[in-house]
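# Observations on the three-dimensional arrangement
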Amino acid sequence: AMDDTVPHAGADAPGAVPGGTLPEAANLPGPPLSAVVVDARALPEEGGEEAGFGNVRWKTLFCGDRTATTDMVVGIAEFGPFATLEPHRHGPSEVYVCTAGSGTVTVEGVAHVLRPGIAVFIPAEAEHGTVAGPDGLTFTYAFPRARFSEVDYRFSDAAGPAGAEQAAAAVA
């Protein structure tokens with residue numbers, strides 16, 4: 001018998017749990033080599049007006065210092081109408097998978113339309129920034145790192161990437 005179950009629409013799908021239920025997401029780590037399940041609805045929103053980031057909000061789904069996971073950081077980015085994630089770079093590559101709304105991600109000066117079903121691979125160190133459309137934008141993002149703190153965000157400025165790096169060096 002299973003405890004803490006919720007109805008599942010795909011009860012007839014291959015591999016479905018008899019009775020049409022799945023375990024309730026507990027946002028708690030399990031034993032080694034077990035699946036880790038989180039309920040995004042129960043997670044806190046972060047961001048919104050953080051210096052440099054723009055006004056994007058996000059929820060961290062999987063991150064080694066929050067969940068019993070390794071090798072990958074995964075989250076959901078949520079933008080209101082015309083909200084932004086300012087141009088930046090980071091060491092690991094990143095993947096976006098658009099799930100709702102619309103927008104544009106500009107990677108190394110080339111604009112790419114985002115709409116549900118579009119996935120974008122962003123190479124390591126490529127400058128990229130995102131602007132939501134009039135209906136907002138939601139995408140899932142992933143980094144090949146164990147923890148978000150291992151993603152070295154470096155935001156560009158009006159002088160461009162070289163100017164941003166020089167400014168950072170001047171402050172150090």
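A brief structural summary. (Residues numbered from 1 in each chain as written. Predicted model: local features only at pLDDT ≥ 70, side-chain atom pairs only at ≥ 80, totals over all residues. Heavy atoms only, no water.)

## Let's talk about the overall build of the protein chain
Inclusion rule: Strands here mean DSSP runs of E at least two residues long; helices mean DSSP runs of H or I at least four residues long; both are numbered from the N terminus. Contact criterion: two residues are considered in contact whenever any of their non-hydrogen atoms come within 4.5 Å of each other.
Each helix and strand in the protein chain was counted, giving one helix and 11 strands. Along the protein chain, helices and strands appear, N-terminal first, in the series β-β-β-β-β-β-β-β-β-β-β-α. A fraction of 59% describes how many contacts in the protein chain between residues 6 or more apart in sequence connect residues 24 or more apart.

## Brief notes about a nonpolar patch on the surface
Formally: The patches described consist of residues with a relative accessible area above 30% and no salt bridge, like charges being joined within 9 Å and nonpolar side chains (Val, Leu, Ile, Met, Phe, Trp, Tyr) within 5 Å. The accessible surface values rely on the Shrake-Rupley method and a 1.4 Å probe; as for residues, cover is taken only from the protein chains in view. By definition, a salt bridge exists where a carboxyl oxygen of Asp or Glu is found within 4 Å of a side-chain nitrogen of Lys or Arg. Burial here depends on accessible area, computed with a 1.4 Å probe over protein chains only, as a share of the maximum for the residue type. Under 20% is buried, over 50% is exposed, and the range in between is partly exposed.
A grouping of Val95, Val97 and Phe121 is seen on the molecular surface, where their side chains present a nonpolar patch of about 240 Å² in accessible area. If you trace the backbone, Val97 turns up in strand 7 (residues 94–107). The exposure class assigned to Val97 is partly exposed, which follows from its relative accessible area of 34%.

## Focus: the environment of His112
Stated formally: Two N or O atoms count as a polar contact when they lie within 3.5 Å, although within protein this holds only if one can serve as hydrogen donor and the other as acceptor, and sequence-adjacent residues are included solely when both atoms are side-chain atoms.
Here His112 shows up in strand 8 (residues 110–114). With 18 residues separating them along the chain, His112 and Thr130 place their C-alpha atoms 9.5 Å apart. The residues contacting His112, other than those within four sequence positions of it, are Gly103, Thr104, Val105 and Val107. A distance of 3.4 Å separates a polar atom in the side chain of His112 from the backbone oxygen of Val110.

## Side note on the side chain of Ser93
On the secondary structure map, Ser93 appears in the loop between strand 6 (84–89) and strand 7. Discounting chain neighbours no more than four positions away, the residues touching Ser93 are Phe121, Ile122, Pro123, Ala124, Ala142, Phe143 and Pro144.

## Examining the nonpolar core
Going by this rule: By convention a nonpolar core is built from buried Ala, Val, Leu, Ile, Met, Phe, Trp, Tyr and Cys residues, the set being connected through side-chain atoms within 4.5 Å.
In this structure, Phe79, Tyr96, Leu114 and Phe139 are the most contacted members of the largest nonpolar core, which totals 23 residues. Those elements giving two or more residues to this core turn out to be strand 5 (73–79), strand 7, strand 9 (119–122) and strand 10 (128–143). Not counting the four nearest positions on each side in its chain, Phe139 is found in contact with Gly75, Ile76, Ala77, Phe79, Tyr96, Val97, Cys98, Thr99, Leu114 and Thr130. Ranked by size, the runner-up nonpolar core spans five residues in total, among them Val38, Leu43, Val74 and Ile76.

## A short note on unusual backbone geometry
The phi dihedral of Asp71 is positive, around 75°, even though this residue is not glycine. Within the secondary structure, Asp71 sits in the loop between strand 4 (57–62) and strand 5. Here the phi dihedral of Glu108 falls at roughly 50°; this positive angle occurs in a residue that is not glycine. Mapped onto the elements of the fold, Glu108 is located in the loop between strand 7 and strand 8. Exposure remark for Glu108: the relative accessible area of 46% places this residue in the partly exposed category.

## Notes on the pairing of strand 5
We apply this condition: Strand pairing follows a simple DSSP-based rule, namely that at least 2 bridges must link the two strands.
Of all seven residues making up strand 5, six are buried, and the element is well covered by its neighbours. Across five bridges, strand 4 lies against strand 5 in antiparallel orientation. Residue pairing across strands places Lys59 opposite Ile76, the latter belonging to strand 5. As judged from the seven bridges shared by strand 5 and strand 10, these two strands associate in the antiparallel manner. Looking at strand 10, one finds that Phe79 is bridged to Leu137.

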